[in-house]
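# Survey of secondary and tertiary structure
Spelled out from the first residue to the last, the chains are:
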Amino acid sequence: MRNAPTILHLDMDAFYASVEQASKPSLRGKAVVVGGLGPRGVVATASYEARAFGVHSAMPMAQARRLAPNAAYLVPRFGLYRQISEQVMALLRELSPLVEPLSLDEAFVDLEAGGTAWDEESARLAGIKLRADIRAVTGLTGSVGLAASKMLAKIASEQAKPDGLVVIEPGSERALLGPMPVRTLPGVGPATGDHLRRAGITTVEELAEAGEDELVRLLGKAHGQALYAMALAHDERPVVAEREAKSVSVEDTYDVDIHDRLRIGLEVRRLADRCVGRLRGAGLSGRTIVLKVRRYDFSTLTRSETLRGPTDDPAVVREAAARLLDSVDTTGGVRLLGVGVSGLADYTQEDLFAQAMPARAEETPEETGAEVTAERPEPEERSWRAGQDVRHAEYGHGWVQGSGLGRVTVRFETPQSPPGRVRTFSVDDPALESADPLPLVPDLALQVSSEPASLPKSWSGTEGGETTSRP
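Residues numbered from 1 in each chain as written. Predicted model: local features only at pLDDT ≥ 70, side-chain atom pairs only at ≥ 80, totals over all residues. Heavy atoms only, no water.

### Observations regarding the overall build of the protein
Counting its regular elements, the protein contains 16 helices and 18 strands. Burial status across the protein gives 46% buried among its 471 residues. Sequence-distant contacts, at least 24 apart, represent 64% of the contacts inside the protein between residues at least 6 apart. Accessible surface, the protein as shown: approximately 22900 Å² in total, 52% of it carbon and sulfur. (Helix = DSSP H or I, 4+ residues; strand = E, 2+ residues; numbered from the N terminus. Buried < 20%, exposed > 50% of the residue type's maximum accessible area, 1.4 Å probe, protein only. Contact = heavy atoms within 4.5 Å. Areas by Shrake-Rupley, 256 points an atom, 1.4 Å probe, with all protein chains shown as cover.)

Take a look at the structure:
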């Protein structure tokens, strides 16, 4: 294991909720919860103000509403989140060619591989500058952990939250890990944690004291050996540059179980088209079509069909998904549907797919129009979701606070404006239309500082600080 703390872990702070607060001045400093708003919705991210009430990711939305009834509940805007994530990842790639994204808001970086850092001081300066650059480019904050391994860098970034930087000093790793719960280590989930607890092992120090043989007996050879090494602060996992996608898929969960077979078929067609849109957007094609169906009793079925060659033809994917659906019993209703494509390639062999020709020939403009009407009826087109961007012909840009009983309430403000006024309209007001999100930082060509920021004089554990972790 390397000695210098040159592995960096970045974790953006309450990312989705922070984006919404930065986008909506009236929500800054307020409890914000982002996720599915239907009866079966779950929390994607909660702001720190909402976490103070006990709201957390993956919590059922109904429970979150009970805990924080006055919070703002918003639907995710993944398009905007992806744009901001791309800006952040671009900053990381300026530091090193070895960037391993874990999600839209989290990644590892090997600073040594990029020649950006070689010791504790240079690593700290790189982390400070990165946080300043992220704030300048996106207006958001991220927490940075620096250590000699991925495991320790992630632990450091957790200690740094929110909006801080922590360096784990070489030689202090064992003393730092010892009192931490076993769930701190990668690979220790609820089941493994419970198994270890029943054996009297609750901390990392107790894990190390148990010894490799005992852990192998309890957990099996591979898992036991890996956890013992991590308990000794040994983590040899390298930072792996972004890998190519192995599949492209989309899925929807429905607030009410779908029973009508025709509606299920239309949903599968719609999902197939969305999946192909993502496929083409990435410049890919694929050979294997996958259908996912979660039924009323939560049982999940997966069916797949492998074609003779890769395709990005929507008609081919729709037909294959429809054939797969024919093999699934949906009598009791379905709560989730998904369509995916795997076996990806960067070329197509459409000449192999004569079976798609009749479908394309039948798709007259009239039939296509009827299909769109069936999938997206007029009331659905004029529905307004909380958090959605809108524009009014007279009042300008705003976002939906809520809707119901034929009315929609909009707050008119932009990321750079003060908190805006609220107005209510009829849901079919012709002056009101959907809009694209506005950038959080008005000048995206903003010059990012090229000089390293100076080190702070001290760190008090409050927001915006940096520290070195010592036992």
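From this point on, the discussion continues.
### Comments concerning the confidence of the model for the protein
A residue-level look at the protein finds 85% of positions with pLDDT of 70 or above and a mean pLDDT of 84. A low-confidence stretch, residues 444-464 stays under pLDDT 50, and its non-local contacts, those more than four residues away or across chains, total 27 contacts. (pLDDT = per-residue confidence, 0-100.)

### As for the environment of Leu440
Looking at the element boundaries, Leu440 is found in the loop between strand S17 (432-434) and strand S18 (466-469). Separated by 421 residues in the primary sequence, Leu440 and Val19 have C-alpha atoms spaced 8.0 Å apart. Contacts of Leu440, omitting those with residues within four sequence positions, involve Val19, Ala22, Ser23, Ile84, Thr138, Leu140, Pro415 and Gln416.

### Quick look at the pattern of salt bridges
Side chains that carry opposite charge are capable of pairing whenever their charged atoms lie near each other. Here the structure, examined in full by the defined rule, presents 22 salt bridges. Of the charged contacts in the structure, one is a salt bridge between Lys161 and Asp11, with a shortest N-O distance of 3.8 Å. A residue pair is termed long-range when its members are at least 10 positions apart, and Lys161 in the loop between helix H6 (150-160) and strand S8 (165-168) and Asp11 in strand S1 (residues 7-12) qualify at 150 residues. When its relative accessible area of 23% is taken as the criterion, Lys161 is described as partly exposed. Across the pair Glu251 and Lys292 runs a salt bridge whose closest N-O atoms are separated by 3.2 Å. Residue Glu251 is found in strand S9 (residues 247-258), and its partner Lys292 is found in strand S10 (residues 285-295); the two are separated by 41 residues along the sequence. Sharing partners across several salt bridges, the network here consists of Asp252, Arg263, Glu267, Arg270 and Arg274. (Salt bridge = Lys/Arg side-chain N within 4 Å of Asp/Glu carboxyl O.)

### Some words on the sheet that holds strand S4 (residues 72-74)
With mixed pairing, the three strands of this open sheet are ordered in space as S3-S2-S4. Two strands lie at the open edges of the sheet, namely strand S3 (43-46) and S4, each paired on one side alone. Strand-to-strand twist in this sheet, taken as the mean axis angle between neighbours without regard to direction, amounts to 25°. Summarising the sheet, strand S2 (residues 32-35) and S3 pair through three bridges and their orientation is antiparallel. (Pairing = 2+ DSSP bridges. Axes fitted to C-alpha atoms, helices over the stretch in contact; angles between N-to-C directions.)

### With respect to the sheet that holds S10
A sheet is described by the order of its strands in space; here four strands give the open sequence S9-S12-S10-S11, paired in antiparallel fashion. Pairing within the sheet leaves two strands with one partner each, and these edge strands are S9 and strand S11 (300-311). Here the strands of the sheet are splayed against their neighbours by 10° on average, with no regard to which way each runs. Taken together, the 10 bridges between S10 and strand S12 (residues 334-345) define a ladder with antiparallel strand orientation. Across the sheet, Val290 pairs through a bridge with Gly340, a residue of S12. Against the sheet, helix H12 (residues 261-281) contacts S9, S10, S11 and S12, and its axis sits at roughly 150° relative to S9.

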